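Inside the fold
Below, each chain spelled out in residue letters.
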Amino acid sequence: MQGVIMKLNKVEDLLEDILGVPDSAIAEAAGWLEITKFLADAIRTADDILVIDVESDRYEDGHPYIQICYEDDGAMTIEAVSSRFLVPGLSPDAHHTLLELGWQLTDDEGSPNYFQFLHAEDANSEHLAQLFTKTFRDVYGVRSTDLFDISPQLVMEKIKKLRSKRD
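Given the structure is predicted, the values throughout are model-derived calculations rather than measurements. (Residues numbered from 1 in each chain as written. Predicted model: local features only at pLDDT ≥ 70, side-chain atom pairs only at ≥ 80, totals over all residues. Heavy atoms only, no water.)

1. Here we look at the pattern of salt bridges
Definition in use: Between Lys or Arg on one side and Asp or Glu on the other, a salt bridge is scored when a side-chain nitrogen of the former is within 4 Å of a carboxyl oxygen of the latter. Helix numbering and strand numbering both begin at the N terminus, where a helix is a DSSP run of H or I of at least 4 residues and a strand a DSSP run of E of at least 2. Here the term buried applies to any residue with accessible area under 20% of the maximum for its type, exposed to any over 50%, and partly exposed to those in between, with areas from a 1.4 Å probe on protein chains only.
Here the structure, examined in full by the defined rule, presents 7 salt bridges. Put simply, Glu-34 and Lys-37 hold a salt bridge, and the shortest N to O gap is 3.8 Å. On the criterion of helical spacing, the pair formed by Glu-34 and Lys-37 is a turn pair, its members being 3 residues apart in helix H3 (residues 23-45). According to the relative accessible area criterion, Glu-34 is partly exposed, its value standing at 41%. With a relative accessible area of 43%, Lys-37 lands in the partly exposed category.

Have a look at this one:
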């Protein structure tokens, strides 16, 4: 029985030995899981506008961001920053990944970012948090250790209260 407990306590070592998964990859995956939960809380908590901005050393100018505009009926317009506001801009692969994730881009000068319109029944906070995580990670190359900033600040205060009640 002692051998079984020892193996369970060293599951990270076992994963690296068996699958060749390094500790850093496990830590990065755990970080993204926490960020996804955090984003779901932010999406659920906000009620007018939400901006998620990430400071990443990958960009010389501009930051990856996603924003939500909430409608009174529960529908949402979500936007993800385009190359127009990033230096360096997005690669063709990143552009195609955005399209595969359901983001759209228009030639309209008034709408320079990628966007999606969501009806209230499609605006599930957990699904959106997963979409945002994939977008930040797979498109913009953001790391889970980069600095995520949520605005308005009131949303952050509500999340802190929500999380303190859970603990």
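2. What about the pairing of strand E5 (residues 147-151)?
Looking down a regular strand, the side chains alternate between one sheet face and the other. Where we set the bar: Strand pairing follows a simple DSSP-based rule, namely that at least 2 bridges must link the two strands.
Alternating positions in E5 separate cleanly, Phe-148 and Ile-150 being buried on one face and Leu-147, Asp-149 and Ser-151 remaining unburied on the opposite face. Here strand E1 (residues 49-55) pairs with E5 via 5 bridges, running antiparallel. Bridge pairing links Ile-52 to Ile-150 in E5.

3. A closer look at the sheet that holds strand E2 (residues 65-70)
Strand pairing in a sheet relies on backbone hydrogen bonds, with the paired strands running either antiparallel or parallel. We apply this condition: Here the axes come from fitting lines to C-alpha atoms, over the contacting stretch only for helices, and the angles between their N-to-C directions go from 0 to 180 degrees. Whether two residues touch is decided by their heavy atoms; if any such pair falls within 4.5 Å, the residues are in contact.
With antiparallel pairing, the 5 strands of this open sheet are ordered in space as E4-E3-E2-E1-E5. Single-partner strands in this sheet number two, and they are strand E4 (114-118) and E5. When the angles between neighbouring strand axes are averaged without regard to direction, this sheet yields 15°. Packed on one face of the sheet, H3 meets E1, E2, strand E3 (76-80) and E5 and runs near 5° to E5.

4. Examining the environment of His-127
Structurally, His-127 is set in helix H5 (residues 125-139). Between the C-alpha atom of His-127 and that of Ala-40, which follows or precedes it by 87 residues, the distance is 8.2 Å.

5. Re the nonpolar core
Defined as follows: Definition of nonpolar core: a set of buried residues of the types Ala, Val, Leu, Ile, Met, Phe, Trp, Tyr and Cys, connected through side-chain atoms within 4.5 Å.
Ranked by size, the top nonpolar core spans 41 residues in total, and within it Leu-50, Phe-132 and Tyr-140 carry the most contacts. If you tally residues by element for this core, the top one is H3, at 7 residues. Here Leu-50 is in contact with Ala-42, Ile-43, Ile-66, Gln-67, Ile-68, Tyr-70, Ile-150, Ser-151, Pro-152 and Val-155, once residues within four sequence places are set aside.

6. Re the pairing of E4
With 4 of 5 residues buried, E4 is to be regarded as a mostly interior element. Here E3 pairs with E4 via 5 bridges, running antiparallel. Bridge pairing in E4 places Glu-79 opposite Phe-115.

7. A short note on unusual backbone geometry
Geometrically, the link from Val-87 to Pro-88 is a cis peptide bond, its omega value of 0° lying close to zero. Position of Pro-88 among the secondary structure elements: in the loop between E3 and helix H4 (92-100). Going from Ser-151 to Pro-152, the amide bond is cis rather than trans, its omega being 10°. As for its placement among the helices and strands, Pro-152 is situated in the loop between E5 and helix H6 (153-166).

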